[in-house]
Every structure is written in structure tokens, then in C-alpha cells.
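# Coordinate analysis (summary)
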Amino acid sequence: METVRAGALTTVQDLGRPGHAHLGVPRSGALDEAAHRLANRLLGNPEAAATLETTLTGCAVRALRPVRAVVTGAPCPVTVDGRPVPWGRPVRVPAGSVLDAGPAVHGVRTYLAFAGGVDVAPVLGSRATDLLSGLGPAPLGDGDALPLGPPGPAPSPGTTGQPDAAPWQAPPRELVLPVVYGPRDDWFTAGALRTLTASSFRVSAASNRIGLRTEGPALERVREGELASEGMPLGAVQVPPEGRPLVFLADHPTTGGYPVVGVVPEPALWAAAQAVPGTPVRFTPAGR
């Protein structure tokens, strides 16, 4: 297929490349992993098959051979050659036709999946674009060509466990993120820990695939200075000098020197992929 309209930011994503942090390589992969997995299931693809992840404005691609496709994630208008087709249901795209996923009506990131998956060359076992390290294919530009893998058979209607449409999941009106405290929560005052879990923050417009930045009250520290760089896991809640929590997402750095007050468990991060700027964020304690 070829890219007709790349949109604000469209990248190739799969389930990422975990296990390479010791080499300084982030995990990457689809931010809304549930939407990515569902798109592939609807087409009968392996869940690790690569999809296109769009940001806010969607994208449009021209099929150079007939292909089955589906659009999940943030709801948006979907057309084939200008004719409306269902969001969340597999559709047939004839050779030469343009599949257009329009701007997100709710949420941030939409996923376009194709039977056979996007078949760009893998790097360290993954086809994912990593914005921080630059690994994987570059973000899409107008006119870019993308290969598709050989399609498997279409799923049979009524197959046990096989969905025939994507359920609509509204983006969160309030993003609730459980936090397991540590390893550096002792760098913060008791009042700061109460502020973290008792105050309302908001998603900053500066958020991206690297991290969800927040706006709100600053967390007061009891220790000055910074750490020597140490490992940063997915979901780490790092607190830069200005004191506003930053939640690391898929393209996060593997090391960092600002203290981490806690870690958000991975499944809770998927909703962060669809939280638009201004969405209220509430952190809840989840132990140590």
C-alpha cells in the first residue's frame, strides 16, 4: 500500500521489543495495546502483527492489491473511496482504493490493521517505530510505500472467541492510575505523597509516546540533588525538578537520574494512550 495522507504522526507498531533495556533499547510498541490486539483478532492476524498507529488526525492509505482492513482505537469516520464504512468492523478495500481513517472523534490514537500485517523489516525482533531511539521504520510521510504480509483466511463468523466487531470504549473522562510506591518515594515528603494521591492533575499537551506529562501541584522533596542514572521501567512515575509527575510510556528512556516516586502497572497504562490533553488524572496508592 502507499500513504496518501500521513496525518500528524502515524507510525508502524506491534507489541514492541522487550528484553533489550540492557542495550539501551526501549520497548516501544502500540500505546493502546488492547486496541492493537483487537484489530488483529478481527482480521485473524497474530496479535503481534504490525499495525498503523495514528495520532489525532488519522491517515489515509491506498491499497495496491485487494486487502481486508479494520480500524480500532479512537473512534473516527472511516471511508473507502469517500464512501462511509464501519469503524470497528473488517472491510474489504479493492486494489487502487483509498482507506481513510479521519480525525479522532474521541480519544487520541487510532489503529489501522490489514490482513497479513504491515510487513516492514523487523529490527531486534520488532517492526515497531521507536521515536526515542530511532529504531524501526520512520514515521509515515505522504507517498511512502509499505509492504503487507500474505493474508491468512478470514475468520469464520461465529468462531468461538472470535469477535466480529470492536466494542466502543470511550476515552477516560478521568484517567485513574494506580501507583506502586518506590523505589525513591523516600526522596519526597509525606505531604508530597498525600498530594500525589489526593490531588487532581491533568494531562499536559506536551505528552507523547515517550511519556504522559501532567499539570498540577508540585511534589516537594526532602533530598536535594539528583541520582546517578538508574534503570527506568515502563510505567515509572518520574518527578523532574519542577515537581510534576511524568509517567513513562512505550518509548521511554531506559535510564534516568530523576527520582521515581512509584510505578504504574502496565495494564493501567493503555487508557493513557487515549487521554486527550486536559483530561483529569488521579493517582491511587497500590502498595509497595
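Now for a look at the structure at hand. All figures in this text were calculated on a predicted structure; none of them were measured in a lab.

## Re the pattern of salt bridges
Under the counting rule described, the total for this entry stands at 13 salt bridges. Close ionic contact of Glu-2 with Arg-62 constitutes a salt bridge, the shortest N to O distance being 3.1 Å. Of this pair, Glu-2 sits in strand β1 (residues 2–5) while Arg-62 is found in strand β4 (residues 59–62), placing the two residues 60 residues apart along the sequence. Judged by its relative accessible area of 28%, Glu-2 falls in the partly exposed class. A salt bridge links Glu-47 to Arg-37; the shortest N-O distance between them is 2.5 Å. Taken as a pair, Glu-47 in the loop between α1 (33–43) and β3 (51–55) and Arg-37 in helix α1 lie far apart in primary sequence, 10 residues in all. When its relative accessible area of 26% is taken as the criterion, Arg-37 is described as partly exposed.

## With respect to the sheet that holds strand β11 (residues 175–181)
Spatially, the 7 strands close up into a barrel ordered β11-β18-β15-β16-β13-β12-β19, and their pairing is mixed. Each strand of the sheet is rotated relative to its neighbour by a mean of 40 degrees, with strand direction disregarded. Here strand β13 (residues 211–215) runs beside strand β16 (residues 246–248); their pairing, made up of 3 bridges, is antiparallel. Its bridge partner being in β16, Arg-213 is matched across the sheet by Leu-246. Across the sheet, helix α2 (residues 190–198) touches β11, β12 (201–203), β18 (260–263) and β19 (280–285), and the angle it forms with β19 is around 125 degrees.

Scoring rules and cut-offs
Residues numbered from 1 in each chain as written. Predicted model: local features only at pLDDT ≥ 70, side-chain atom pairs only at ≥ 80, totals over all residues. Heavy atoms only, no water. Salt bridge = Lys/Arg side-chain N within 4 Å of Asp/Glu carboxyl O. Helix = DSSP H or I, 4+ residues; strand = E, 2+ residues; numbered from the N terminus. Buried < 20%, exposed > 50% of the residue type's maximum accessible area, 1.4 Å probe, protein only. Pairing = 2+ DSSP bridges. Axes fitted to C-alpha atoms, helices over the stretch in contact; angles between N-to-C directions. Contact = heavy atoms within 4.5 Å.

Everything listed here is a matter of coordinates, which is why it stays silent on function.
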